[in-house]
Amino acid sequence: MPKIKTLEDAFIHELSDIYSAEKQLTKALPKLARAATHPQLAEGFTQHLEETQGQIERIDQIVEAQGLKLKRVKCLAMEGLVAEGGETIEEIEKGPVRDVMLIVGAQKVEHYEIAAYGSLITLADQLGYTDASRLLKETLQEEKATDEKLNGLATSEVNRQALEAAAEVEPAQ
């Protein structure tokens, strides 16, 4: 980890980290979309890819407006979450149970991003970076909305489909 001595150093480090996370996510989302069986889930991953690209553009705007230089860091948390998604795809047969686990993994990603953006907003506010704070809040709202959509899809359809599929597979007793 690079030396962090000031609040601005902390902001730059965390912004660099989430930038890396978002870049990794742009590579993972198309794979998740292809792995999903439920059409709304696949479409949700595709839509979130477009949103994620916009979120990266917002970070670029912040960097330019504040005259910052991002650090070359790799977000290890996102690397792990993406790896878990890959394991889900490899180890679980395509169908409703895989969809359940894809949603679980995607919600883990969203919760990580919600925490990261919330912290960045606090730092931006303390540093007086008003425009950065506004842009980060836009992204935070998108991340929260995505989490809510995932939760709604899980509770309204996907989890039930997985239960029904399991009932068909299990022998009656």
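For the structure itself, consult the block above.
How each quantity is defined
- Residues numbered from 1 in each chain as written.
- Predicted model: local features only at pLDDT ≥ 70, side-chain atom pairs only at ≥ 80, totals over all residues.
- Heavy atoms only, no water.
- Salt bridge = Lys/Arg side-chain N within 4 Å of Asp/Glu carboxyl O.
- Helix = DSSP H or I, 4+ residues; strand = E, 2+ residues; numbered from the N terminus.
- Buried < 20%, exposed > 50% of the residue type's maximum accessible area, 1.4 Å probe, protein only.
- Patch = residues over 30% accessible without salt bridge, like charges linked within 9 Å, V, L, I, M, F, W, Y side chains within 5 Å.
- Areas by Shrake-Rupley, 256 points an atom, 1.4 Å probe, with all protein chains shown as cover.
- Lys, Arg positive; Asp, Glu negative; His and termini not counted.
- Charge placed at Lys NZ, Arg CZ, Asp CG, Glu CD.
- 1 Å grid on protein atoms, 1.4 Å probe; cavity = no way out; pocket = protein on both sides within 12 Å on 5 of 7 lines; lining within 4 Å.
- Points joined across faces, edges and corners; volume = space filled by probe spheres on them.
- Nonpolar A, V, L, I, M, F, W, Y, C, P; charged D, E, K, R; others polar.

Asks: Describe the pattern of salt bridges, with residues and values.
Replies: The full count for this structure, using the stated rule, is six salt bridges. For the salt bridge of Glu138 with Arg58, the shortest nitrogen-to-oxygen distance reads 3.2 Å. With Glu138 in helix α5 (residues 130-169) and Arg58 in helix α2 (residues 39-66), the pair connects residues that are 80 residues apart, well separated along the chain. For Arg58, a relative accessible area of 11% corresponds to the buried category. Three or more residues are tied together by salt bridges with common partners; here these are Arg58, Arg134, Glu138 and Glu142.

Asks: How would you summarise a positive patch on the surface if you had to cite specific residues and measurements?
Replies: A grouping of Lys23, Lys27, Lys31 and Arg34 is seen on the molecular surface, where their side chains present a positively charged patch. As for its placement among the helices and strands, Lys23 is situated in helix α1 (residues 7-35). Classification of Lys23 as partly exposed rests on a relative accessible area of 37%.

Asks: How would you summarise the layout of surface pockets if you had to cite specific residues and measurements?
Replies: In this structure, the largest pocket spans a volume of roughly 590 Å³. For the largest pocket, the lining is made up of 33 residues, of which Leu29, Leu32, Phe45, Ala106 and Leu150 are closest to its centre. Every element with two or more residues in the lining of the largest pocket is listed here: α1, α2, α3 (76-91), α4 (96-127) and α5. Partitioning the lining of the largest pocket into residue classes produces 16 nonpolar, nine polar and eight charged. Size it by volume and the second largest pocket reaches roughly 180 Å³. Each residue belonging to the lining of the second largest pocket can be placed in one class, and the counts come to three nonpolar, two polar and three charged.

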